[in-house]
Amino acid sequence: MMNYLGALDDDTLASALSATATAGLDADWPNPTDRARLTSSTGWSGAHLVVAVRRAFLPFTPAACRRLVALGRTTANREDPKMRPTAHSGDRRLLAILAGRVPAVATSAVFNGLAARHKVLLKPSSAEPVFARLLCSLVERAAPQLAASLSLMNIPSSDPRLDLMVSQEDAVLAYGSDATIASIRHNRAERLTMGGGHRESVVLCFRDAFDPPGAARRIARAVARDTAIYDQDGCLSPQVILIEENSALPSAAFASLLHEELLAIAGRLPPGPIPLLSAASVRMFIEESRLLAMSTGGLVLPTDGRGPPAVVLVAATLPARPSPGFRVLQVVPFSGEPDLSFLLPHLANRLQGIAIAGDRQRLAATLARHPAYRPYRTCAPGRLQSPPAGWPENGFVVVRELSQL
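Residues numbered from 1 in each chain as written. Predicted model: local features only at pLDDT ≥ 70, side-chain atom pairs only at ≥ 80, totals over all residues. Heavy atoms only, no water.

Visitor: Mind showing me how you'd approach empty space enclosed by the protein here?
Guide: Unfilled space is identified by rolling a water-sized probe across the atoms. Under the counting rule described, the total for this entry stands at three cavities of 30 Å³ or more. Reported here for the second largest cavity is a volume of approximately 70 Å³. Taken together, Leu-98, Ala-99, Gly-100, Arg-101, Val-102, Val-105, Ala-106, Ser-125, Glu-128, Phe-131 and Ala-132 form the lining of the second largest cavity. Those elements giving two or more residues to the lining of the second largest cavity turn out to be helix H6 (103-115) and helix H7 (130-142). (1 Å grid on protein atoms, 1.4 Å probe; cavity = no way out; pocket = protein on both sides within 12 Å on 5 of 7 lines; lining within 4 Å. Points joined across faces, edges and corners; volume = space filled by probe spheres on them. Helix = DSSP H or I, 4+ residues; strand = E, 2+ residues; numbered from the N terminus.)

Visitor: Help me understand the pairing of strand S7 (residues 238-244), please; the structure alone is not making it clear to me.
Guide: Every other side chain in a regular strand lies on the same face of the sheet, so the side chains alternate between the two faces. The buried fraction of S7 amounts to seven of the seven residues, a majority that puts the element mostly inside the structure. In this sheet, S7 lies alongside strand S6 (residues 200-205) in parallel orientation, the contact comprising five bridges. Each bridged residue has a counterpart across the sheet, and for Leu-204 the counterpart in S7 is Leu-242. Assessed by its sense of winding, the connection that carries the chain from S6 through helix H11 (residues 215-228) to S7 is right-handed. (Buried < 20%, exposed > 50% of the residue type's maximum accessible area, 1.4 Å probe, protein only. Pairing = 2+ DSSP bridges. Right-handed = clockwise from strand over helix to strand, strands pointing away.)

Visitor: Sorry if this is basic, but what is going on with the side chain of Ser-289 here?
Guide: Within the element layout of this structure, Ser-289 appears in helix H13 (residues 276-296). Taking the relative accessible area as the measure of exposure, Ser-289 reaches 2% and is therefore buried.

Visitor: Any chance you could explain the sheet that holds strand S10 (residues 328-334) here in plain terms?
Guide: Sheets are built from strands that pair by backbone hydrogen bonding, the pairs being arranged parallel or antiparallel. Sheet architecture is open: seven strands sit in the order S8-S9-S10-S7-S6-S11-S12, paired in mixed fashion. The strands lining the two open edges of the sheet, one partner per strand, are strand S8 (299-301) and strand S12 (377-379). The sheet shows a mean angle of 20° between the axes of neighbouring strands, direction not considered. Along the sheet, H11 contacts S6, S7, S10 and strand S11 (351-357); its crossing angle with S7, the most-contacted strand, is approximately 160°. Relative to S11, helix H15 (residues 360-369) is tilted by about 145°, and along the sheet it contacts S6, S7, S11 and S12. (Axes fitted to C-alpha atoms, helices over the stretch in contact; angles between N-to-C directions. Contact = heavy atoms within 4.5 Å.)

Visitor: Looking at this structure, I do not really get H11. What am I missing?
Guide: Two residues of an α-helix separated by three or four positions point the same way, owing to the 3.6 residues in each turn. Taking 1.5 Å of rise per residue, 14 residues should cover 20 Å, and H11 covers 20 Å from first to last C-alpha, within 8% of that figure. Burial analysis of H11 places ten of its 14 residues in the buried class, the great majority of the element. Three or more residues of H11 are buried, namely Ala-215, Ala-216, Ile-219, Ala-220, Ala-222, Val-223, Ala-224, Asp-226, Thr-227 and Ala-228. For H11, the secondary structure elements touched by its buried residues are helix H4 (46-57), S6, S7, helix H12 (251-268), S10 and S11. (Expected span 1.5 Å × (residues − 1).)

Visitor: Mind showing me how you'd approach the sheet that holds strand S3 (residues 150-152) here?
Guide: The strand order across the open sheet built from five strands is S3-S2-S1-S4-S5, with neighbouring strands paired in parallel fashion. The sheet is open, and its two edges are formed by S3 and strand S5 (192-194), each paired on a single side. On average, each strand axis in the sheet is tilted by 20° relative to the strand beside it, whichever way the strands run. Note that strand S4 (residues 171-174) and S5 share three bridges and pair parallel.

Structure follows, in structure tokens:
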């Protein structure tokens, strides 16, 4: 089979990637039959599914694709874009082991891998195997010169052949639990392995963020949007909002605003179904939160215990707890400079992103005091789920790492 990646110049490769993104943004893709299958697989329907699929392709603009291809050149020929790719270009392969149900995980692996002139082998997520197949079909139609460089691994995670491939592939990009990532790293010794295990994101609101009229409502709406897009599935979904105590806007008032916005956006982006075991965990978390609120002065919305969506206001003397997800947010107040090690004890070395509202210099000072909480993405509220192409997920700029092999 012809080594297409090695034969493509930079402009042609970037154009092929851009064409794939354009096709993915077409309102008629996926077709109605595939859309129904994707709805069944993800649990998202209607406008919610449309938003989730669009966000998988939006980062890959023509300019972004050109930048990724340039970044994907090997160190030896990166400075001269007229140089032909090195002899091994297109011969190496990236095995991408997907997890969860966020479509952007698959597109990120494919676009970054191909931009670095690596063939890409996708191991679909067991939780959502449909989108990876649709993506491969999309590439075949929109950019046929790339089709031979993209393939699916249709074997279950328990198949011993997977362990063998993991140990032998040139590069592995893996998502999943801490145990999964640890096992993959163990099997690969010193070979390039990119993955970070369980990570979450939070929102940090300093007092000055609420000074402009209407700012509190805008922040609450932005946080609700980031929460609802994937039902808190994915490492960039906010789980906790840290809010500096402010006499002009008590934390309870902000929690109420946040709950109102979660209810409002549920009408536009309806929540997907919650699996039975997860539903039990959510209900247990909410009931535990109600008991804590009664004894410590916190608050749970809605007050009758229904939900999600739900907002838990944690008493000022307590830290956040591991969240159950599915649109359950914790609001944690603080005074003075935030002590992240107290407020977020379960997220040390696990923060993927921080959405910051207010003085960014204070954020820098906070992170200097708490280096275990440095995130890989920092942005404004409402932008967590819109990372640029080639962002350092889990600390890895995938296309750059591949170019240095």
